[in-house]
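# Descriptive analysis of the structure
As a plain string of letters, each chain reads:
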Amino acid sequence: MMISKGMTRSGGHLFIISAPSGAGKTTLAKAVLERHGDMLYSVSYTTRKPRASEQDGADYHFISKQNFEAGIETGQWAEWAEVYGNYYGTSDRFIVHGLSSGRDILLDIDVQGTIQILKKYPDSITIFILPPSIKILRKRLEMRGTDSPQVIDRRLEYARHEMAQKNLYRHVIVNDNLSKAIEDLNDIIKKYR
Ligand code: ADP
Ligand code: 5GP
């Protein structure tokens, strides 16, 4: 096997995207996956309720709190975290299997999860997406129309906390103009593939 920059010891590359909620991570991840059809997306498991536009198995695997906690006991998660009062986790089996078959994988996880993955896979390529400002972030969350004002306040508070940790990441992108941000992200990914 030829080892290239950023490749994990097990094979493929692990790309991690984090961003405060509403910064455009889902939009950007979709654009990357359209461009790189052979890249795997790690569909996370969560106890959060699905939004109207979300599909079980595609956006998330929606599971009960009981099943999630059983997964913690049995070591099912490569990483897991509690965010905004819900559990979120990455399937360990999916990551191990994908990487060992030489595939590149995209993870969309928060800062707590990134820290855990970096312990296991220090070569992961980490990318933080910043909104142009907190004011614009609030506007995007309001425009998305999926969260109540209280939930938006909670997400903005956590956003400040997450943005303060952006230096843990190898790359930082500001998602101001969407097509420019997609280009920036693709340029980073191209460097490693
Ligand atoms: P996240 O996955 O980070 O929570 P989304 O991808 O759902 O964020 O984006 C939040 C909202 O902002 C969506 O309605 C999306 O269409 C919009 N959005 C994303 N990027 C931009 C951008 N560069 N300019 C304006 N609106 C954007
Ligand atoms: P949302 O509820 O808006 O889809 O996601 C909320 C937050 O949870 C985002 O910051 C997102 O990146 C994070 N997240 C989604 N899946 C996972 C996961 O599997 N693990 C961790 N640690 N965070 C996740």
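Since this is a predicted model, take the numbers as computed values, not measurements.

### Concerning the site of ligand 1
In the neighbourhood of ligand 1, 13 residues make up the surrounding shell, with Gly-22, Thr-26, Thr-27, Arg-144 and Asn-175 lying closest. In this structure, an oxygen atom belonging to ligand 1 sits 2.8 Å away from a side-chain N or O atom of Arg-144. Taking Asn-175, its side chain carries an N or O atom lying 2.8 Å from a nitrogen atom of ligand 1. Protein coverage of the free-state accessible area of ligand 1, which is 570 Å², stands at 74%. Put simply, the parts of the chain that give the shell around ligand 1 at least two residues each are helix H1 (25–35) and helix H5 (134–144). No other element matches H1, which puts three residues into the shell around ligand 1. A per-class count over the shell around ligand 1 returns three nonpolar, six polar and four charged.

### Examining the environment of Tyr-88
Counting through the fold element by element, Tyr-88 comes out in strand S6 (residues 86–91). Along the sequence, Tyr-88 and Thr-46 sit 42 residues apart, while their C-alpha atoms lie 4.4 Å from each other. Discounting chain neighbours no more than four positions away, the residues touching Tyr-88 are Tyr-45, Thr-46, Arg-48, Tyr-60, Phe-68, Glu-79, Trp-80, Ala-81, Val-83 and Arg-155. Of the polar contacts made by the side chain of Tyr-88, one reaches the side chain of Arg-48; its length is 3.3 Å.

### What to know about the packing of H5 against helix H6 (residues 149–163)
Where H5 meets H6, the axes come as close as 11 Å, and the angle between the chain directions of the two elements is 140°. By the angle class used here, H5 and H6 are oblique. You can see that H5 and H6 cross each other, and the crossing is right-handed. Listed contacts from H6 to Ile-134, Leu-137, Arg-138, Leu-141, Glu-142 and Arg-144 of H5 are Ile-152, Asp-153, Arg-155, Leu-156, Ala-159, Arg-160 and Met-163. Within the contact of H5 with H6, the residues separate by chemical class into seven nonpolar, no polar and six charged.

### Focus on the pattern of salt bridges
Scanning the model with the defined rule gives 10 salt bridges in all. We note a salt bridge from Asp-187 to Lys-190, for which the minimum N-O separation is 3.6 Å. Here Asp-187 pairs with Lys-190, and both are found in helix H7 (residues 178–192), just three residues apart, close to one helical turn. Assessed through its relative accessible area of 39%, Asp-187 is described here as partly exposed. Several salt bridges share partner residues, and in doing so they unite Asp-38, Asp-104 and Arg-193 into one network.

### So, the sheet that holds strand S7 (residues 105–108)
Reading across the sheet, the five strands line up as S2-S7-S1-S8-S9 and stay open at both edges, with parallel pairing between neighbours. With one partner strand each, in any of the chains shown, strand S2 (40–41) and strand S9 (171–174) form the two edges of the open sheet. Pairing of strand S1 (residues 14–18) with strand S8 (residues 125–130) involves four bridges; the strand directions are parallel. Its bridge partner being in S8, Ile-17 is matched across the sheet by Ile-127.

### Details of helix H4 (residues 111–120)
When H4 is considered as a whole, its buried residues turn out to be Val-111, Gly-113, Thr-114 and Ile-117. Down the axis of H4, the smallest arc covering the buried residues is 150°, so these residues share one side. As for H4, its buried residues are in contact with S1, strand S5 (77–83), S7, S8 and H6.

What counts, and where the lines are drawn
- Residues numbered from 1 in each chain as written.
- Chains lettered and ligands numbered in written order.
- Predicted model: local features only at pLDDT ≥ 70, side-chain atom pairs only at ≥ 80, totals over all residues.
- Heavy atoms only, no water.
- Near = heavy atom within 4 Å.
- Polar contact = N/O pair within 3.5 Å; in protein donor to acceptor, adjacent residues only side chain to side chain.
- Areas by Shrake-Rupley, 256 points an atom, 1.4 Å probe, with all protein chains shown as cover.
- Helix = DSSP H or I, 4+ residues; strand = E, 2+ residues; numbered from the N terminus.
- Nonpolar A, V, L, I, M, F, W, Y, C, P; charged D, E, K, R; others polar.
- Contact = heavy atoms within 4.5 Å.
- Axes fitted to C-alpha atoms, helices over the stretch in contact; angles between N-to-C directions.
- Parallel < 35°, antiparallel > 145°, perpendicular 65-115°, else oblique.
- Left-handed = near helix turned anticlockwise from the far one by under 90°.
- Salt bridge = Lys/Arg side-chain N within 4 Å of Asp/Glu carboxyl O.
- Buried < 20%, exposed > 50% of the residue type's maximum accessible area, 1.4 Å probe, protein only.
- Pairing = 2+ DSSP bridges.
- Arc of directions from axis to C-beta.

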